[in-house]
Protein chains: 4
Amino acid sequence: MNTERMKVPDKSSGDVILLLSCRDRPGLVSRISHFIYERGGNILDLDEHVDPVEKIFFIRVTWSTEMFTIPLSELESAFAPLAKEFGACWKIRISGLKTRVAIFVSRYEHCLQEILWRHSIGEFAIDIALIIANHPDLGLLAAHHGIPFHVVSVSRDTKEEAEGQELLLLEQHAIDTIVLARYMQVLSPHFVHCYPGRIINIHHSFLPAFVGSSPYRQAYERGVKIIGATSHYVTEELDQGPIIEQDIVRVSHKDTLEDLVRKGRDLERLVLAHALRLHTEHRVLVNGKKTVVFD
Amino acid sequence: MNTERMKVPDKSSGDVILLLSCRDRPGLVSRISHFIYERGGNILDLDEHVDPVEKIFFIRVTWSTEMFTIPLSELESAFAPLAKEFGACWKIRISGLKTRVAIFVSRYEHCLQEILWRHSIGEFAIDIALIIANHPDLGLLAAHHGIPFHVVSVSRDTKEEAEGQELLLLEQHAIDTIVLARYMQVLSPHFVHCYPGRIINIHHSFLPAFVGSSPYRQAYERGVKIIGATSHYVTEELDQGPIIEQDIVRVSHKDTLEDLVRKGRDLERLVLAHALRLHTEHRVLVNGKKTVVFD
Amino acid sequence: MNTERMKVPDKSSGDVILLLSCRDRPGLVSRISHFIYERGGNILDLDEHVDPVEKIFFIRVTWSTEMFTIPLSELESAFAPLAKEFGACWKIRISGLKTRVAIFVSRYEHCLQEILWRHSIGEFAIDIALIIANHPDLGLLAAHHGIPFHVVSVSRDTKEEAEGQELLLLEQHAIDTIVLARYMQVLSPHFVHCYPGRIINIHHSFLPAFVGSSPYRQAYERGVKIIGATSHYVTEELDQGPIIEQDIVRVSHKDTLEDLVRKGRDLERLVLAHALRLHTEHRVLVNGKKTVVFD
Amino acid sequence: MNTERMKVPDKSSGDVILLLSCRDRPGLVSRISHFIYERGGNILDLDEHVDPVEKIFFIRVTWSTEMFTIPLSELESAFAPLAKEFGACWKIRISGLKTRVAIFVSRYEHCLQEILWRHSIGEFAIDIALIIANHPDLGLLAAHHGIPFHVVSVSRDTKEEAEGQELLLLEQHAIDTIVLARYMQVLSPHFVHCYPGRIINIHHSFLPAFVGSSPYRQAYERGVKIIGATSHYVTEELDQGPIIEQDIVRVSHKDTLEDLVRKGRDLERLVLAHALRLHTEHRVLVNGKKTVVFD
């Protein structure tokens, strides 16, 4: 998990976040908190969870480093032996350090608009390095926010080539996290494999109800009294990735299909924004097909 | 639809409810409201809906009959010609007149307990004429509330015979509506056919997610962040009947399967009680695979 | 109530909405629906409510006028005698005809941003004729959407003069409805009196909890587990006007005051947008200190 | 805080819960988790919070004691020096050990009924030692569940004497926690003082809206679109104690005052039951006028 290296900011101190998971055993909290304490850190926030079935330990710790006795640049190497002993997946992040994000879109603007607006008022600790679109429609919106906008057309025949082009762009811009803001293309297993647990999708239904296409039409025809939206990490299996966040809204027989689409729009943008916030605050750990969300 | 005859109560006046659906055309509200007005009725509540796709008209009207110029006993025959002209499905009910209900249960007590308690404080306009169970476990609870309790065991081989026994009991008790309060048996198409739109089930998931058995286990394994419960009319196809009411509750990674069951229990009993109330207040009309709920 | 004259659109037919309230009496629905029927109208939607305490009748009827036998321009005068007989407050509106709206703002952008964005994708049947601000901060946002932006500074000494200036602008632009999108000034009774039931405010609390200033601080200090937002019509008494819509979001001990402000921002913009939609679809009738909302 | 002594169960091992709060300082988590680790405990669950304004540290830790090297009976005295050094308020509880509860009621049965039913299916780790009522009405319900029922009438003149009688009963039954299940009497400061943070009330409004009497009538007259219920610890000031849990339900112009009471009944019993569960699972810490709830 720790292949993504921590980027050290200019400031020499700040709050630090550790996300870690490993097989459960006695002493984990004690060892980790002692590691922090003996280096002068003060724990600000600690969340811990043990999966009672799988016996896996998950922890998120935030500590201040004002009195820290080692430089942040040495923190990872100092912690590595402990993590190795635990056989842990882990990462250490500087709180507030911006995650580099790429947004993928097609023609629907509401999710992109929501993220860009929240970004503009400082709600996310992210840099939106670029927007990739398979249609040119949202170029003006991107331009208004001063974000580079790349159109990469995708057809059945050109998909592999298009994804190659996208992966190159992502690498060139050192992208950490990809947001699919109603991007109407299915990514290949190879693409997904390159960004494990780092591609966030919004699906416009209350998963696992109404997988696949036209969920609002499906919901309308089924006559449900509540519709939902689901944000999840993308995995190779369509709409089956670990769920980060879901929310719902009531509908009634008075609501037409268009009403469902309109009400759903509000859900989609709020749920996706919430999931992105959780992800970029390093509050989400993947647990097999599920997530642990320390909110 | 009007095969179930209205039962006229002792009191000679009261509020009357008309539920009607037919192909839409101009003048329906005018004709119906005029019918009421010219007989001295005063409309207290009127809800109307036109399915914009199917062009079907639905209406629920309540009126007071204090100044009514015809006896209630003649109301149905007076209205019949109009309904015939419209080609309508319809029924007329006396507000507050109790619906005769049978409750089917297995071993789970929470839904039965909830309905019996609400019944005891007068929340429903129902007579609970009998409880039918395929296990004897809830007999004491029934006895405490003074409701006749019949155990009809069901196995694969005896199902047809058991249903025959049940149908006989229902007929003997002049049952109008059947509530499946976590009854763990699938009813045969023949049985369902005898009570169209009059068998109310509670399914312990947010349908159409997690149809069939063990929905909480399915939800736990999928890692959803919200669980639900769904009350619907029973049709021949399992868990596919028109939905009356749904509700949800948030869950998290901290919730074990047992927590889901516990949280779901509260949902199930509230959703089922709500659906039963809507049904017995004559607020639900079936529209193909969907419902119109005038709440 | 009918001092605001209906504006007839170019198209000679369309759907028409009647909003009416009067003292309850028998025959109202019949008389109104007959009026529509005998002129060839087909009722598409009808909602009716009788206040059981005050005995006041409220109705909202929508009908199509494709086969209407009188011109829309004569509809009001044709209906007036009936309304006069009922002693009714009423208005007739062409469905989809745009309401002329002015938005008042101070420095917070989120509510304005939300309304402008929804407006840009056609969610509201409104013309935003102008934005009035007591600070220049949001001028760029207004310019981006091409809406005239007027800065009218307000201080204790200049308030009367400022309001005079605002009222003039509103009259010049033939404004029907005013939206206070986090406008941080209290309007004078005289101003409010000029637009009765036509000034919509958003208050950042679950009224009547936390009236007045700093509701988020009050909520934080009280330790509530849920915060809310309330959209209401402005009356002379601060935060006491008829409530159109409210919504809530959960908070916890982990939420700082800043978190409450952030979470509340989402509530405020959704609740205000919802209320504006209800108002401009002519779904809200005032009932003394309360509203009847036919949604 | 630790005046209430831990009761050691027969079993020699089990899970243990520590609740602790003190002024924040570095090393607290490390010291506490080390204390557990060096005695062979395995942390199962840990929640921690630092009030960022008041700089107070709150923690709840659960650990298993299968391999614990000291007897549970010595745990408190072993931990006391650490707690003293921190200047902490703290308590240690055996998980699942039943809290001794008294329920106070008047005439409304729904909250009592809900708690007794949940208790009967094992949802709470409580012993309901007695029910105290100022009216005899609910005696039959208590008898059905086999709980001792004491009628202590209260009038203005006899209040002091009545409370004396109640306090005696509470002491005789070694009561830890008191639940006011719609008990329609205000407790004296002296009484409250005897059970600090251990008297749980349910108020039938969304506090701080509608304090005092008749909140449903107040809500009906104000025309709110949402009503709520609030469970809180009782303090000397009426309806001002630290809030444990709140929930809400939507209402509309169609709802009469009776509908509000009916809908509110469901809220009240669920919110009170939830709060009682949180309290008896030792998930609530008081933070001045607020609570920290580790759910």
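Fair warning: this is a prediction, and the values are worked out from it, not measured in the lab. (Residues numbered from 1 in each chain as written. Chains lettered and ligands numbered in written order. Predicted model: local features only at pLDDT ≥ 70, side-chain atom pairs only at ≥ 80, totals over all residues.)

Asker: I'd like a description of the overall build of chain A, backed by residues and values.
Answerer: For chain A, the count of helices and strands is eight helices and 13 strands. At 20 Å, chain A has a C-alpha radius of gyration in line with the 19 Å of a compact globule built from 295 residues. Taken along its principal axes, the extent of the C-alpha atoms in chain A is 60 × 40 × 35 Å. When each of the 295 residues of chain A is scored for burial, the buried share is 46%. For chain A, long-range pairs separated by at least 24 residues make up 71% of all intrachain contacts whose partners lie at least 6 apart in sequence. (Helix = DSSP H or I, 4+ residues; strand = E, 2+ residues; numbered from the N terminus. Rg over C-alpha atoms; globule rule 2.2 N^0.38 Å. Buried ≥ 20, exposed ≤ 12 C-beta atoms within 10 Å, placed from the backbone. Contact = placed C-beta atoms within 7 Å.)

Asker: If you had to explain the interface of chain D and chain B to someone new, which residues and values would you point to?
Answerer: Taken together, the six residues of chain D in the interface contact six residues of chain B. The set of elements that each furnish at least two residues to the side of chain D that touches chain B consists of helix H3 (110-120) and helix H8 (257-280) of chain D. In terms of residue count, H8(D) provides more of the side of chain D that touches chain B than any other element does, three residues in total. Of the residues contributing to the side of chain D that touches chain B, the split by class is two nonpolar, one polar and three charged. (Nonpolar A, V, L, I, M, F, W, Y, C, P; charged D, E, K, R; others polar.)

Asker: I'd like a rundown of the sheet that holds strand S8 (residues 177-180) of chain B, residues and numbers included.
Answerer: All names here are of chain B. Read across the open sheet, the seven strands follow the order S7-S6-S5-S8-S9-S10-S11; overall the sheet is mixed. Lying at the two open borders of the sheet, with one neighbouring strand each, are strand S7 (149-151) and strand S11 (243-250). Taking each pair of neighbouring strands and ignoring which way they run, the sheet shows an average axis angle of 20°. In terms of strand pairing, S8 meets strand S9 (residues 199-203) through three bridges, oriented parallel. When the sheet's bridge partners are listed, Ile178 is paired in S9 with Ile199. (Pairing = 2+ DSSP bridges. Axes fitted to C-alpha atoms, helices over the stretch in contact; angles between N-to-C directions.)

Asker: Quick rundown of the relation of the copies chain D and chain B? Include the residues and the values.
Answerer: Once chain D is rotated about the relating axis by 180° and shifted along it by 0.0 Å, it coincides with chain B to within an RMSD of 0.0 Å. When the rotation and shift are considered jointly, the pair of chain copies conforms to a two-fold rotation axis. An overlap of 100% is found between the interface residues of chain D and their copies at the interface of chain B, pointing to a shared contact surface. (Least-squares fit on C-alpha atoms with pLDDT ≥ 70 in both.)

Asker: Outline the pairing of strand S3 (residues 56-64) of chain B, supporting the account with residue identities and numerical values.
Answerer: Residue and element names in this part refer to chain B. Counting buried positions along S3 yields seven of nine residues, so the element is predominantly enclosed. Pairing geometry for strand S1 (residues 15-23) and S3, over nine bridges, is antiparallel. Of the residues in S3, the one forming a bridge with Cys22 is Phe57. If you look at the hairpin formed by strand S2 (residues 42-51) and S3, you'll find four residues sitting between the two strands, and Lys55 has a positive phi there, around 55°.

Asker: I'd like to hear about the sheet that holds strand S6 (residues 126-133) of chain C, residue by residue, with values.
Answerer: Residue and element names in this part refer to chain C. Taken in spatial order, the seven strands make up an open sheet running S7-S6-S5-S8-S9-S10-S11, and their pairing is mixed. Looking at which strands have only one partner, the edges of the open sheet turn out to be strand S7 (149-151) and strand S11 (243-250). Each neighbouring strand pair of the sheet contributes to a mean axis angle of 20°, computed without reference to strand direction. Bridge count between strand S9 (residues 199-203) and strand S10 (residues 226-233): four bridges; the pairing is antiparallel. Residue pairing across strands places Ile200 opposite Tyr233, the latter belonging to S10.

Asker: Give me the lowdown on the packing of helix H3 (residues 110-120) of chain B against helix H8 (residues 257-280) of chain B, citing residues and values where you can.
Answerer: Residue and element names in this part refer to chain B. Packing of H3 against H8 leaves a shortest axis separation of 9 Å and a crossing angle of 45°. Taken together, the axes of H3 and H8 lie oblique to each other. Seen along the crossing, H3 lies across H8 with a hand that is right-handed. Contact residues: H3 offers His110, Cys111, Glu114, Ile115 and Arg118, while H8 offers Arg265, Glu268, Arg269, Leu272, Ala273 and Leu276. Considered class by class, the residues forming the contact of H3 with H8 number five nonpolar, one polar and five charged. (Parallel < 35°, antiparallel > 145°, perpendicular 65-115°, else oblique. Left-handed = near helix turned anticlockwise from the far one by under 90°.)

Asker: Can you tell me about the domain arrangement of chain A, naming the residues and giving the values?
Answerer: How large an interface is tends to be reported as the accessible area lost when its parts come together. Residues and elements named next belong to chain A. Each assigned domain of chain A is listed with its residue range as follows: domain 1 (15-94) and domain 2 (99-293). Facing nine residues of domain 1, the contacting portion of domain 2 comprises five residues. Elements with a contribution of two residues or more to the side of domain 1 that touches domain 2: strand S1 (15-23), strand S2 (42-51) and strand S3 (56-64). Grouping the amino acids of the side of domain 1 that touches domain 2 by side-chain chemistry returns four nonpolar, two polar and three charged. (Domains from an automatic or database assignment.)

Asker: Quick rundown of the interface of chain B and chain A? Include the residues and the values.
Answerer: Taken together, the contacts link 24 residues of chain B with 24 residues of chain A. Going through the elements one at a time, S11 and strand S13 (290-293) of chain B are the ones with two or more residues in the side of chain B that touches chain A. Its residues assigned to classes, the side of chain B that touches chain A shows 11 nonpolar, seven polar and six charged.

Asker: Account for the confidence of the model for chain A, with residues named and values stated.
Answerer: As a note on interpretation, predicted positions should not be read in detail where pLDDT is low. Residues and elements named next belong to chain A. Across chain A, pLDDT averages 93, with 96% of residues at or above 70. Per-residue pLDDT stays below 50 along residues 1-12; that stretch engages in 16 contacts with residues further than four places along the chain or on separate chains. The ipTM for the predicted assembly is 0.92, set against a pTM of 0.94. (pLDDT = per-residue confidence, 0-100.)

Asker: Tell me about the environment of D:Ile17, residues and numbers included.
Answerer: Residue and element names in this part refer to chain D. Its place among the elements puts Ile17 in strand S1 (residues 15-23). We classify Ile17 as buried; it has 20 C-beta atoms within 10 Å. With 79 residues separating them in the primary sequence, Ile17 and Gly96 have C-alpha atoms 9.8 Å apart. Setting aside anything within four residues of it in sequence, one finds Ile17 in contact with Arg60, Thr62, Arg93, Ser95 and His282.

Asker: Outline unusual backbone geometry, supporting the account with residue identities and numerical values.
Answerer: For the bond running from C:Leu207 to C:Pro208, omega is 5°, close enough to zero to count as cis. As for its position among the elements, C:Pro208 is in the loop between S9 and helix H7 (215-222). For B:Phe210, which is not glycine, the phi torsion reads 60° and is therefore positive. Its place among the elements puts B:Phe210 in the loop between S9 and helix H7 (215-222).

Asker: Please provide a residue-by-residue account of the pairing of S1(B), values included.
Answerer: For S1(B) and strand S4 (residues 89-94) of chain B, the ladder comprises six bridges, and the chain directions are antiparallel. Note that in S4(B) the partner of B:Leu19 across the bridge is B:Lys91.

Asker: Residue-level account of the environment of B:Pro189, with values.
Answerer: Take B:Pro189: it is sitting in helix H6 (residues 189-194). Between the C-alpha atom of B:Pro189 and that of B:Glu236, which follows or precedes it by 47 residues, the distance is 5.0 Å.

Asker: Could you give an account of helix H1 (residues 28-38) of chain D, naming the residues involved and the relevant values?
Answerer: Helical geometry: 3.6 residues make up each α-helical turn, so side chains three or four residues apart lie on a common side. Burial in H1(D) covers these residues: D:Leu28, D:Val29, D:Ser30, D:Ile32, D:Ser33, D:Ile36 and D:Tyr37. Buried residues along H1(D) sit against helix H1 (28-38) and S2 of chain A together with strand S2 (42-51), strand S3 (56-64) and helix H2 (75-86) of chain D. At the C-terminal side of H1(D), D:Gly40 shows a positive phi close to 90°.

Asker: Describe the environment of B:Phe57, with residues and values.
Answerer: Residue and element names in this part refer to chain B. As for its placement among the helices and strands, Phe57 is situated in strand S3. A residue is classified by how many C-beta atoms lie within 10 Å of it, and Phe57, with 21 of them, is buried. Separated by 29 residues in sequence, Phe57 and Leu28 have C-alpha atoms that sit 8.5 Å apart. Not counting residues up to four positions away in its chain, the partners in contact with Phe57 are Ser21, Cys22, Arg23, Asp24, Leu28 and Val50.

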